[in-house]
Structure formats: C-alpha cells, structure tokens
Amino acid sequence: MKDKNVKNLEENSFKNIWIDWIGKVQGFYFDVQDKQDSEDELIISFNFAQNSQRSRLFEYFDSLQQNDKISEYSLNQNVISIIYKEKEEENVIEFLKGIVTKIIEIDGKCICNNCDCTENLAYYTNGNKFSLLCNKCGEDLERRFELDQQKENNYIKGFFASLIGALIGSILWIIIGSLGFFASIAGLAISFCAFKGYDIAKGKLTRTGIILNVITIIIAFLFAQYAVLYIEFMKEFKDMTLLGFIFITPIFLKDLEFMQSLLPNIGLGILFIFLGSHRTISNNYKAAKNAENLHIEKLDL
Ligand SMILES: [Zn+2]
C-alpha cells in the first residue's frame, strides 16, 4: 500500500488489524488490505445487505472498471470485494467516498456478519481477527468469550492425557534407541503426542498447562531411556526379566562407575530431547501467552 494511503486511512481513524485496515466512511464500514501478489492494488471489501437496486451499484463498478480505477469486483454472499488500483492523484478515502455516495443513492446498507440486522453495527475484534456485528451479536460474542475464559480447567485430566500421549510418542525413541541411535525426530514425537493428548482432553492452553506438558515430556523421556537400557541389558543377559531388571535398578543406580559409563548416553539423550521438543514447547507457550491476553473489544471508530 502506498504510504500516502496508509496515512490517509490513519487520518480517517481506520484501525490496523493484522493485514487489514478497517474503518468507517460516512457511516459505512470498509476493510482495506494489500493485494498480496500486486504492487499497487488494494482489496476493498464491505458487507452489503440485499437491495433491489443493487444492479445500479454494479453498473457504477462497471464504469470504474472501464475507467481503469478498479481491475475487478465480485460478490460473495453479502460481501462485495473490489480490486482497487492505487493512483497518485487519488487517495483511497476519496475513492471510498465515491462508493458511499452511490450506496446512499440506492438506499444501501451494511449488514451484520452474523444476522440480517443492518442497524447499530460495529467492528468487534480480539486483536487478531475482526467481524462486523450488530449490537446483539456483538454482545453475544462477548458473553460467549467470557464464559469460555471462565470455563473450569481440568488440569488433572489434561495431565494424564498428555502423559499417555507422551508415552505413546516415546515408542519411536525406544525403537531408535535400541538400535543404538539418537534422533531429534523422536523427541519431537514425544512432545507432539504430549500436547496432542492434552488438547484431546480439552486441557486449556495456559502457562500452567505448558508446565504440565513439559513434566510429562520429561517423564516419557526418562521412561524411554530406562526402556532402552533394559533392552541393552537383555542383549547382554538373555534371561533378564523385566521384573528382575526393575529389582536390580536401585543397585546399579548406586554403582558410581556404572552410572559414569552411562553419562555420555544421558547427555546425548538430553541434547536430543531438547532439540526435538523445544520448538513445540515454545510455540505452545507463545500461543498460551496470547490466549491469556485475548479479549473481545468493540472498536470505537
Ligand atoms: Zn447480528
């Protein structure tokens, strides 16, 4: 978008939400955004209620197209989209005023995104997304959002689902480990399955939830390392049973020399679980932080 148009929109109280500029021109609501694959074109869209004289508005768009002011326009349900060509001699708000004059001529109205109401409209946003809603739909949205925020969070269920997920994910670690290798993909499998399990149990993505997932990832990692060690033992001592192995575990934990011989493997294991899981954890952490700060706001334009 040309700098002068950014300035022009700002001066007319348009608000920037993600890649969109949303605002009001003489009581009509517009969304302006860059056309991604074009240097000097903008996509202008607005909600337009059914109107018996709509063809007159389209005739106007046809004339704009003939005069090379727009390259195309389309109607999808109630949303009209226009591809506007930015020009040196015209500001985007001037262009929008021309459309508004035409809309007023045919007694056109904007319409709520959610119902057929054309009165008391406003943009509602959570900071990332936005929607043009009537008063009633807007209040409904605020109420639903608040209820969702207050919803009890079942951390215990989420924790166990995450643990089951992480343990399932650790199977890959055990297979690769028993062949004598480490791979970050196995760490990724553990962390991915942990968060998947947590999500299935409808655990809320909060910072506490992230800590629970990190705990289950560590448990699954320790479990997988222990299982790999058992497999190693079985290779040496053919008649070693699982119970027998569990029984002698405290003995070799106390054996300093034996534990030292394990250190390189433990170090590599920690390195690879970190490489495999840190991105999943940090992405979820960012999402949780965002979700905690989210609130619905009615834009006063
Ligand atoms: Zn509505």
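As the structure is a computational prediction, the values presented were derived from the model and not from experiment.

> Residue-level account of the domain arrangement of the protein chain, with values.
Frequently, the measure chosen for interface size is the accessible area removed from exposure when the parts meet. When cut into domains, the protein chain gives domain 1 (3–134) and domain 2 (152–293). Each of domain 1 and domain 2 was reduced to a C-alpha centroid, and the two centroids are 52 Å apart.

> An account of unusual backbone geometry is needed here, citing residue identities and associated values.
One non-glycine residue, serine 13, lies in the positive phi region at around 65°. Relative to the helices and strands, serine 13 resides in the loop between α1 (3–11) and β1 (15–17). On the basis of neighbour counts, which here come to 12 C-beta atoms within 10 Å, the residue serine 13 falls in the exposed class.

> If you had to explain the packing of helix α7 (residues 207–236) against helix α9 (residues 256–293) to someone new, which residues and values would you point to?
In the contact formed by α7 and α9, the axes pass within 10 Å of each other and the chain directions differ by 165°. Classified by the angle their axes make, α7 and α9 are roughly antiparallel. Of the two possible hands of crossing, α7 and α9 adopt the one that is right-handed. Contacts between α7 and α9 pair Arg207, Gly209, Ile210, Val214, Ile217, Phe221 and Gln225 from the former with Gly269, Ile273, Ser277, Ile281, Asn284, Tyr285, Ala288 and Lys289 from the latter. For the contact of α7 with α9, the per-class residue count stands at eight nonpolar, five polar and two charged.

> Tell me about the pairing of strand β7 (residues 121–125), and please be specific about residues and values.
Inspection of the sheet shows β7 paired to strand β8 (residues 130–134) by five bridges, in the antiparallel sense. What sits directly across from threonine 125, in β8, is phenylalanine 130. Counting the residues between successive antiparallel strands, the hairpin from β7 to β8 contains four residues, one of them, glycine 127, with a positive phi of roughly 100°. With two bridges connecting them, β7 and strand β9 (residues 297–298) associate as antiparallel partners. The residue bridging threonine 125 from the neighbouring strand is glutamate 297, located in β9.

Definitions and cut-offs
- Residues numbered from 1 in each chain as written.
- Predicted model: local features only at pLDDT ≥ 70, side-chain atom pairs only at ≥ 80, totals over all residues.
- Domains from an automatic or database assignment.
- Helix = DSSP H or I, 4+ residues; strand = E, 2+ residues; numbered from the N terminus.
- Buried ≥ 20, exposed ≤ 12 C-beta atoms within 10 Å, placed from the backbone.
- Axes fitted to C-alpha atoms, helices over the stretch in contact; angles between N-to-C directions.
- Parallel < 35°, antiparallel > 145°, perpendicular 65-115°, else oblique.
- Left-handed = near helix turned anticlockwise from the far one by under 90°.
- Contact = placed C-beta atoms within 7 Å.
- Nonpolar A, V, L, I, M, F, W, Y, C, P; charged D, E, K, R; others polar.
- Pairing = 2+ DSSP bridges.

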